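Observations on chain architecture
The residues making up each chain are set out below.
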Amino acid sequence: MLTTLKTAYTDTRAADLAWALGREPLPALAVLDLQLDAAVLQLRLLGASHQVLLEEGEGSCSETVACMSGSSTPLPLGVAKRLGQWEYEFAARVETLTQGQFAGRAQELLALVADHPNGLAGTFPGSPHAFTAMLAQRYEGQVLWRTWHAYPQEGQLVVTRSRVGVRMPASL
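Heads up: these notes are all about the structure in this document. (Residues numbered from 1 in each chain as written. Predicted model: local features only at pLDDT ≥ 70, side-chain atom pairs only at ≥ 80, totals over all residues. Heavy atoms only, no water.)

1. Focus on the pattern of salt bridges
Tallying each qualifying case throughout the model produces seven salt bridges. When the shortest N-O distance is used, the salt bridge between arginine 138 and aspartate 37 registers 3.5 Å. Here the residue arginine 138 occupies a position in strand E10 (residues 131-139), and aspartate 37 occupies one in the loop between strand E3 (30-36) and strand E4 (39-46), the gap between them amounting to 101 residues. Note that glutamate 95 is salt-bridged to arginine 93, the shortest N-O span being 2.7 Å. The network of salt bridges with common partners includes Arg93, Glu95, Arg105 and Glu108. (Salt bridge = Lys/Arg side-chain N within 4 Å of Asp/Glu carboxyl O. Helix = DSSP H or I, 4+ residues; strand = E, 2+ residues; numbered from the N terminus.)

2. Some points on helix H1 (residues 99-114)
In an α-helix, one full turn covers 3.6 residues, which means residues spaced three or four apart are oriented alike. Helix length check: H1, at 16 residues, gives a terminal C-alpha distance of 22 Å against a target of 22 Å (1.5 Å per residue), a fit within 8%. If you check which residues of H1 are buried, you get Phe102, Ala106, Leu109, Leu110 and Val113. With its buried residues spanning 100° around the axis, H1 presents them on a single face. Projecting away from the buried face of H1 at angles above 90 degrees are the exposed residues Gly100 and Gln107. The elements touched by buried residues of H1 are strand E1 (2-4), strand E9 (119-123), E10, strand E11 (142-151) and strand E12 (156-166). (Expected span 1.5 Å × (residues − 1). Buried < 20%, exposed > 50% of the residue type's maximum accessible area, 1.4 Å probe, protein only. Arc of directions from axis to C-beta. Contact = heavy atoms within 4.5 Å.)

Here you go:
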């Protein structure tokens, strides 16, 4: 699903993004509710990037990547945490592209996500290449999602991937 977000482009720089687990739902500009087998997943586009809410069985997970006032946790390159019976993994990277490369990558990603049943993308007023996009799937008992946060004024694309799955017992 592709939507035009009715808000100012509040993310000013890729370096302003922060990461948090366990935040309450924040006001969203666009939402996509998904049922992936037993998992209920909500992809949320915020005025300041994204939030994913996951519930399955007795567990829940809330991931927020956004420009958050008062946040002291910058965007990490990688995180691995135990959340009850789940394992959570997060990874992020920043791609720096030329103006031509950026425009091509933006068009490619928006087309991919817009036509995908588990995809949500929002473009911001002011630039056709200012967007946040999210894509989710279930694979081998795990819930996975990827996000893209575009900063055309810097030529930067922040790419994240997350995975949540049941923790497997250690082999002897």
